[in-house]
Amino acid sequence: MVNGEGQIVPPYDSKVMDLANGLTSMTFGPIRPHTTRTEAPRCVDCHLDPKALGLGEGRMAPATGKGRLEAQGAYDSRASGLQIPYPLDAIVDRNGKTLQGTSHTLSRPFNREEIGRILGIGPCLPCHDRYDDPVWQKPGPYKLMPPCVKRLEQAR
């Protein structure tokens, strides 16, 4: 992190941070802030984008037999010889476990409950993409039905 005078601010003066859980990580800044666009993002831009959720670059796909969406990472760290089971750009896993640090004191990744709520409505969005749709009036969880899976595949 750099202050107004262009000086690097400790403890962010390194590319690697020590985390409270004993791990070290690269330092990441928050991604996809809502304040840098004049137009509102589409619902699917966040609810169906693993990178927006902090899970790393890739795509969301129905998990076989689980009735929910799972992130399929674009980068396989283990196949590249790294000893970590998550993509390099993931800052949190699907269960809300923090994997990497951020360079902003007040920022944090989504927790398990937040990720569940964000992804819970995701499969409905290809058909129900307006706030005046009745599905938005009902609290989740929402069931991943075969027509939803088909529409998700077509939406990509």
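Everything that follows concerns the structure shown earlier in this document.
Keep in mind it's a predicted model, so treat the numbers as computed, not measured.

Trainee: Even after reading the chapter, I still don't get the side chain of E114, so can you show me in this structure?
Mentor: Mapped onto the elements, E114 comes out in helix α2 (residues 112-121). The exposure class assigned to E114 is buried, which follows from its relative accessible area of 17%. Engagement of the side chain of E114 in a polar contact is seen with the side chain of R108, the distance being 2.8 Å. E114 has contacts with R108 and P109, leaving out every residue within four places of it along the chain.

Trainee: Is there a simple way to explain the pattern of salt bridges in this structure?
Mentor: Proximity of charged atoms lets side chains of opposite charge pair with each other. One pass over the full model with this rule turns up three salt bridges. Between K51 and E57 there is a salt bridge whose closest N-O contact spans 3.5 Å. Exposure remark for E57: the relative accessible area of 37% places this residue in the partly exposed category.

Trainee: When you look at α2 in this model, what are you seeing that I'm missing?
Mentor: Taken as a whole, α2 has its buried residues at E114, I115, I118, L119 and I121. Tucked inside the fold, the buried residues of α2 contact α1 (44-47), β3 (58-62) and β4 (69-73). The N-cap residue of α2 is N111: its side-chain oxygen and the backbone nitrogen of E113 are 3.1 Å apart.

Trainee: Any chance you could explain the environment of D45 here in plain terms?
Mentor: The topology assignment puts D45 in helix α1. Along the backbone, D45 and G122 are 77 residues apart, and their C-alpha atoms lie at a distance of 9.9 Å.

Trainee: Sorry, what's going on with the state of the cysteines here?
Mentor: Cysteine pairs can be covalently joined through their sulfur atoms, and such a bond is termed a disulfide. What the rule picks out here adds up to zero disulfides. C43 takes part in no disulfide bond, and the closest cysteine sulfur, belonging to C46, lies 8.6 Å away. Judged by its relative accessible area of 17%, C43 falls in the buried class.

Trainee: Just to check I follow, could you spell out the nonpolar core for this structure?
Mentor: Inside soluble globular proteins, nonpolar side chains tend to come together where they are buried. Within the largest apolar cluster, 12 residues are counted, these being L48, L53, L55, M60, L69, V92, I115, I118, L119, L144, C148 and L152. Contributing elements (two or more residues each) for this core: α2 and α3 (146-155). With three residues, the single largest contributor to this core is α2. What L69 contacts, discounting residues up to four positions off in sequence, is L48, M60, A61, P62, A63, R94, L119, P123 and L152. Core analysis: the next-biggest nonpolar cluster, separate from the first, contains five residues, C43, C124, L125 and V135 among them.

Trainee: What should I look at first to understand the environment of E153 in this one?
Mentor: Summarising the element assignment, E153 is placed in helix α3. Residues E153 and P126 lie 27 residues apart in sequence; the distance between their C-alpha atoms is 9.8 Å.

Cut-offs and rules
- Residues numbered from 1 in each chain as written.
- Predicted model: local features only at pLDDT ≥ 70, side-chain atom pairs only at ≥ 80, totals over all residues.
- Heavy atoms only, no water.
- Helix = DSSP H or I, 4+ residues; strand = E, 2+ residues; numbered from the N terminus.
- Buried < 20%, exposed > 50% of the residue type's maximum accessible area, 1.4 Å probe, protein only.
- Polar contact = N/O pair within 3.5 Å; in protein donor to acceptor, adjacent residues only side chain to side chain.
- Contact = heavy atoms within 4.5 Å.
- Salt bridge = Lys/Arg side-chain N within 4 Å of Asp/Glu carboxyl O.
- Disulfide = S-S within 2.5 Å.
- Core = buried A, V, L, I, M, F, W, Y, C linked by side-chain atoms within 4.5 Å.

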